[in-house]
Structures are given as structure tokens and as C-alpha cells.
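The residues making up each chain are set out below.
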Amino acid sequence: MVRSRVRWPGCPCWSSLRASLRSVTRAVASIICSLHRFLAAFDVGDELVTLPRDEGEHLTRVLRLGAGDTVRVFNGRGHECLARVMAASRRAVSVQLLSRVETVPEPRVAVTLVQAVLKGDKMDDVVRDAVMLGVAAIQPLVTRRTEATVAALRRGARIERWQRVALASVKQSRRAVLPNIHLPLTLEAYLDDPPPEVRVLLAEPGTGVATEPISAIRGEPAPADAAVLVGPEGGWDPLECETARARHVRLMTLGHRTLRADAVAIAALSVLGFVWDG
């Protein structure tokens, strides 16, 4: 006797079950995404991790979380895990790593934003948005028209503040990689460092130097790494542009309009991200 094969995928019950599973999967993913995220140093295979002091205080004093709560922990190097708070006190917070969490993919091209230091809180805004757009690192720069000096920046607390801004932006954008905020350099010192595959200096219209549109990058192979140089509120000095050109930096513009200094980096990173990552 020939037995007929039951075709489960066509069964109404099976279709209902699949729909329910999809609904449950979406609900679980939503719950995981809504969990608070914390930075901690750990390697793959570690089981018990102690949060840094600032992160532990944020967990206990600000968020009022405690033992038994579930959180997400990432190490700033691309790994993230679900974790359970095992102990939470004023002195230390320890968590148990439970399972790996799929992280947001990083951009194909590792881009360093070389940003001339801006006045007031504008630099904070640039750091925040650049990190959300996926930069691999940020190099603060002191130029001829920058009001701050390298020595003053290194003595002050602005670097630590930018690091905190970067961490908050990483948490908000669900990245698992924490970009490095380098110590400030002068343009000349930066140009002496080993260069990435592509370096682009964005010059504002009317600088008086020969430039090419940023659209010229379209159609070219994506580099392994790149740097985008953005000037201060007063723009680049023409001599700085020529110095950069002599060091094989490409001088480009974003168009015929003059943008605010704190808007240039975001516009450029968005364009390059679209070109290189599609």
C-alpha cells in the first residue's frame, strides 16, 4: 500500500505556527534591542565580567538596575553579549555573560575623521554624529585658524569629554566598536604620520586653490582605509591646502555652497558612506 506524504507547509495549522514563530522572534529581537548597553573589557570565552566604575555607577545609580536584571555588554572591539547582573554594589558591578548578540556591521572602509577643533560645544556634536555614521577614529586637529592650542587641549578635559560623547553615541547607534579619540595634533604633525590609502581635504568654495568635486570618487575602487580632513570655522589657510596637496592629499569640495564647519564632516561622511558602502 502506498502511503500519501503529508505536506505540512500547506497545512493551515503549519502556516499559523510559522506566523506565530515569526511574531515571537520579532518580539524577542525587540526586547533585546531595548536592553541597556554597557561597555566592559572582555574576551570571547569569558564568563564573569566587572563593569568599569563609571558604567557600574550608571547601572546602579541612574538606571536603578540590580542583581538579576538582564543587560547587554560590549567590549568596544566588535563583540557583544547578553548578560545577567550577578552583583551590584557601590564598589563594583559584575555580570555573567550569557550568549553572543549579533552586532551592527561596521563600514567596509575604515574612515578617520581629521577634524579641526571647533569652538564651544560644536566639536561635541561632530564627534556624536561622526560616531553614529561609523567612523573608525577621530583625530582632533589644530590649524592656523583654530583658537585652541595642542598644549591647552591636552591639559584640559575636552579629550575626556569627547570620549564620553563617543561612548554615548556608540550605545545609541548600537555599534559594538568604540572609535578611538586620538590626542590633538597640528596639521604638520598629522601629515608626518603614516598615511591611509586615501586622504581627502574638504576645502570650502572660494579658497582660491584647485579642487575636485567629491563626486570624483564615484567609480573608483573603495580603499581599505581613508581619512577626511575638515577645517575650522575660519576655513583652511591656502598655504595649508598646498602643504596637504604636496603630501598627496586630495583637495575636494562638497559643492558650490559654503556649509557650517560643524556640518561639513557629517555631509562628507554621509556621501562617502553611500559611495563606498552602497
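Residues numbered from 1 in each chain as written. Predicted model: local features only at pLDDT ≥ 70, side-chain atom pairs only at ≥ 80, totals over all residues. Heavy atoms only, no water.

## As for the side chain of Thr 253
Structurally, Thr 253 can be placed in strand 13 (residues 250–253). Accessibility expressed as a relative area gives 13% for Thr 253, which makes it buried. Beyond its immediate chain neighbours, meaning those up to four positions away, Thr 253 contacts Ala 203, Thr 211, Glu 212, Pro 213 and Ile 214. (Helix = DSSP H or I, 4+ residues; strand = E, 2+ residues; numbered from the N terminus. Buried < 20%, exposed > 50% of the residue type's maximum accessible area, 1.4 Å probe, protein only. Contact = heavy atoms within 4.5 Å.)

## Remarks on unusual backbone geometry
Notably, Arg 174 is not glycine yet its phi reads approximately 65°, a positive angle. One can find Arg 174 in the loop between helix 5 (158–173) and strand 8 (180–181). Overall, Arg 174 belongs to the partly exposed group, its relative accessible area being 35%. Notably, His 248 is not glycine yet its phi reads approximately 70°, a positive angle.

## Thoughts on the packing of helix 3 (residues 122–132) against helix 5
Orientation of helix 3 relative to helix 5, taken along the N-to-C sense of each, is 35°, at an axis distance of 8 Å. Regarding helix 3 and helix 5, the two cross each other, and that crossing is right-handed. Facing Met 123, Asp 124, Val 127, Arg 128, Val 131 and Met 132 of helix 3, the residues of helix 5 in contact are Arg 158, Arg 161, Trp 162, Val 165, Ala 166, Ser 169, Val 170, Gln 172 and Ser 173. Among the residues making up the contact of helix 3 with helix 5, the classes are represented as eight nonpolar, three polar and four charged. (Axes fitted to C-alpha atoms, helices over the stretch in contact; angles between N-to-C directions. Left-handed = near helix turned anticlockwise from the far one by under 90°. Nonpolar A, V, L, I, M, F, W, Y, C, P; charged D, E, K, R; others polar.)

## So, helix 5
The periodicity of an α-helix, 3.6 residues per turn, causes residues three or four positions apart to be oriented the same way. For helix 5, built from 16 residues, the straight-helix expectation of 22 Å at 1.5 Å per residue is met to within 8% by its first-to-last C-alpha distance of 22 Å. All buried positions along helix 5 are accounted for by Ile 159, Trp 162, Val 165, Ala 166, Leu 167, Ser 169, Val 170, Lys 171 and Ser 173. (Expected span 1.5 Å × (residues − 1).)

## Quick look at the sheet that holds strand 4 (residues 80–88)
What the five strands build is an open sheet, ordered 1-3-4-5-2; its pairing is mixed. Both edges of this open sheet fall to strand 1 (37–39) and strand 2 (48–50), since each of them pairs with a single strand only. The mean angle between the axes of side-by-side strands here comes to 45°, regardless of whether they run parallel or antiparallel. Two strands pair when backbone bridges link them, and strand 1 and strand 3 (residues 70–74) are joined in this way by three bridges, in the parallel orientation. Its bridge partner being in strand 3, Arg 37 is matched across the sheet by Arg 72. Helix-sheet contacts for helix 2 (residues 53–62) involve strand 1, strand 3, strand 4 and strand 5 (93–100), and the interaxial angle to strand 1 is about 155°. (Pairing = 2+ DSSP bridges.)

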